[in-house]
Amino acid sequence: MSTFVDQLLLQFGDPTHLVQLLAPPNDPDHTRLRGLVEAVYDMPFATLHAIRDVQVRRTEFQRPLFPPGRLTGTWQQTIPSYTRSDISLEQQPFAPLWLDILAMLDLTLVLEVDPGEVESILNREVADFNTLAEFRARFRFIDLDAFMAKHKLTTVDDLKEAYHYLITEIHLRAPGPFNADNPANHYHFPLEVILLMREVIDVTEALRAVKLARTAGERVNIYRPDINTAEVRTPYAPVLIFPEAALNGLPFTAAALQTFFAAEYILSLFVTPL
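Residue positions are given per chain, counted from 1 along the sequence in the order it is written. pLDDT decides what is reported in this predicted model: residues at 70 or higher carry local features, side-chain atom pairs at 80 or more are listed and counted, and totals for whole chains, interfaces and linings draw on all residues regardless. Only hydrogens and water are set aside when side-chain values are computed; all heavy atoms of the structure are taken into account.

Novice: Any chance you could explain the overall build of the protein chain here in plain terms?
Specialist: Each helix is a run of DSSP H or I of at least 4 residues and each strand a run of E of at least 2, with the numbering of both proceeding from the N terminus. Looking only at helices and strands, the protein chain features 8 helices and 12 strands. Restricting the calculation to C-alpha atoms gives the radius of gyration, and the globule rule supplies 2.2 Å times the number of residues raised to the power 0.38. At 28 Å, the protein chain has a C-alpha radius of gyration far larger than the 19 Å of a compact globule built from 274 residues. With the C-alpha coordinates of the protein chain rotated into their principal frame, the extents come out at 85 × 75 × 40 Å. Relative accessibility thresholds used throughout: buried, under 20% of the residue-type maximum; exposed, over 50%; partly exposed, between the two (1.4 Å probe, protein chains only). Evaluated residue by residue, the protein chain yields a buried proportion of 34% over its 274 residues. In this description, contact between two residues means that some pair of their heavy atoms is separated by no more than 4.5 Å. By sequence separation, contacts in the protein chain at least 24 residues apart represent 76% of the contacts at least 6 residues apart. For accessible areas, the Shrake-Rupley method is used with a probe of radius 1.4 Å. Any residue's cover is judged against the shown protein chains and nothing else. Carbon and sulfur atoms make up 54% of the accessible area of the protein chain, which amounts to about 16700 Å² in all. In this tally, Lys and Arg are treated as positive and Asp and Glu as negative; His is ignored, and so are the chain termini. Every charge is mapped onto a representative atom, which is NZ of Lys, CZ of Arg, CG of Asp or CD of Glu. Taken together, the 23 basic and 35 acidic charged side chains of the protein chain have centroids lying 5 Å from each other.

If you want it as C-alpha cells, here you go:
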C-alpha cells in the first residue's frame, strides 16, 4: 500500500476530516455532496435547495467487496431414464475488490416537492371542426392519417360521423410559496459513500474499479428501490481521490478529469494529505 493511501486512511479516521473533504467550508452550496446525492438518488418531482446537517454515522476502512461469479452447466443421466437438467451455481471469486473507505452518512435535504395534486378534471366533446387541419390542431397527439386509414375514413364528414371525440384536461394545483425553513420540507436521507484512493492517476483503471464496485454493490447488496420522494439508482456514491501532486506533467487538467468522471456520476478529488 502506498504512503499516500496510508496517510489518508489515518487522516479520515477522524470523521471531521471526512466531512471537510465532502463538504468543505468554502463550498456553501455543497457542490460535492450534491453530486453524490445525484449519483444515488433520482428526484424527478423534487428540487434540491440545500443540504444541511451532514453527519458521519459510521466508517469502515478497507472493506472487501466480492463481485459475484456464476457457473453454468448441464446435468445428464441415462439410468433409469434419460434426464437433462440445466444448473446454475454462484461462486465467490477469491480476489476481492477493496474499498478503501465505506462511509455511512446522514443528510438533511431541503426539498421542494411537487405533490402532483389535481385541481380539476374537465371532459368536453369536440365537434366544432370543419377541416382535417382543425382536427389535427385539437388532437396533436393523434396520427390522423393512420387513424383514418385504419377506420376506412376519407373525408372530414366521415370523421365527424364515425365517432364522438372527447378531450380530457387535467389541471394540476400550483404549489404554494416555498419556505426552506419549514420542517415539512426537510427530508432525512442516508448516503453510502465509497472512497477509492489511487497514488497514480490512471483514468482507465480508476474508472473500471469504480464501475466494478458499483455493479458488484448493486448485485450483492439489498437496498430499497425508493426512499422518501426519490428513486434509488445505486447503493453507493463513489469518490476517487488522487494526489494533487500527481497532476504535474500530465496532458490533462484536474478540471478536465473532474468533468469526465462527473459524467459517470463519480466525484473525483485531488488532495494533499495533512
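Novice: Honestly, the packing of helix α7 (residues 203-220) against helix α8 (residues 254-262) in this entry has me stumped. Any pointers?
Specialist: How two helices sit against one another is set out by the angle between their axes and by the gap between those axes. Axis definition: a line fitted to C-alpha atoms, over the contacting stretch in the case of helices. Angles run 0 to 180 degrees between N-to-C directions. The N-to-C vectors of α7 and α8 enclose an angle of 30°; their axes lie 12 Å apart at closest approach. With respect to their mutual orientation, α7 and α8 come out roughly parallel. The two elements α7 and α8 meet at a crossing, and its hand is right-handed. Residue-level contacts link Val203, Ala206 and Leu207 of α7 to Leu257, Phe260 and Phe261 of α8. Side-chain classes are defined by residue name, with Ala, Val, Leu, Ile, Met, Phe, Trp, Tyr, Cys and Pro counting as nonpolar, Asp, Glu, Lys and Arg as charged, and the others, Gly among them, as polar. Taken together, the residues of the contact of α7 with α8 break down into 6 nonpolar, no polar and no charged. In what follows, roughly perpendicular refers to angles from 65 to 115 degrees, roughly parallel to angles under 35, roughly antiparallel to angles over 145, and oblique to any angle outside these ranges. Handedness of a helix crossing follows the sense of rotation of the near helix relative to the far helix, less than a right angle counterclockwise being left-handed and clockwise being right-handed.

Novice: Explanation requested: a nonpolar patch on the surface in the structure shown.
Specialist: Like-charged residues are merged into a patch within 9 Å and nonpolar side chains (Val, Leu, Ile, Met, Phe, Trp, Tyr) within 5 Å, provided each residue has over 30% relative accessible area and no salt bridge. Salt bridges are defined by distance alone: a side-chain nitrogen of Lys or Arg within 4 Å of a carboxyl oxygen of Asp or Glu. There is a patch of nonpolar side chains on the surface, built from Val118, Ile121, Ile170 and Leu172 and spanning about 390 Å² of accessible area. Contributions of two or more residues to the nonpolar patch are made by β6 (118-125) and β7 (166-172). Mapped onto the secondary structure, Ile121 falls in strand β6. The exposure class of Ile121 is exposed, given its relative accessible area of 56%.

Novice: Can you walk me through the pattern of salt bridges in this structure?
Specialist: Opposite charge on two side chains permits them to pair, given that their charged atoms come into close proximity. Applying the stated criterion to the full structure yields 11 salt bridges. For Arg57, the salt bridge goes to Asp106, with nearest N and O atoms at 3.3 Å. Here Arg57 is found in strand β2 (residues 46-65), whereas its partner Asp106 is found in strand β5 (residues 97-113), with 49 residues between them in sequence. A relative accessible area of 30% places Asp106 in the partly exposed class.

Novice: Please clarify how helix α2 (residues 15-22) should be interpreted in this entry.
Specialist: Three or four residues apart is the spacing at which side chains of an α-helix point the same way, because the helix has 3.6 residues per turn. Restricting attention to buried positions, one finds in α2 the residues Leu18, Leu21 and Leu22. The arc that holds the buried residues of α2, viewed along the axis, is 85°, so those residues lie on one side. Contacts made by the buried residues of α2 are with α3 (31-40), β2, β5, β8 (186-197), β11 (237-243) and β12 (267-271). Working definition: the arc comes from the directions between the helix axis and the C-beta atoms, pointing outward to the latter.

Interpretation note: all reported values are geometric properties and have no functional meaning in isolation.
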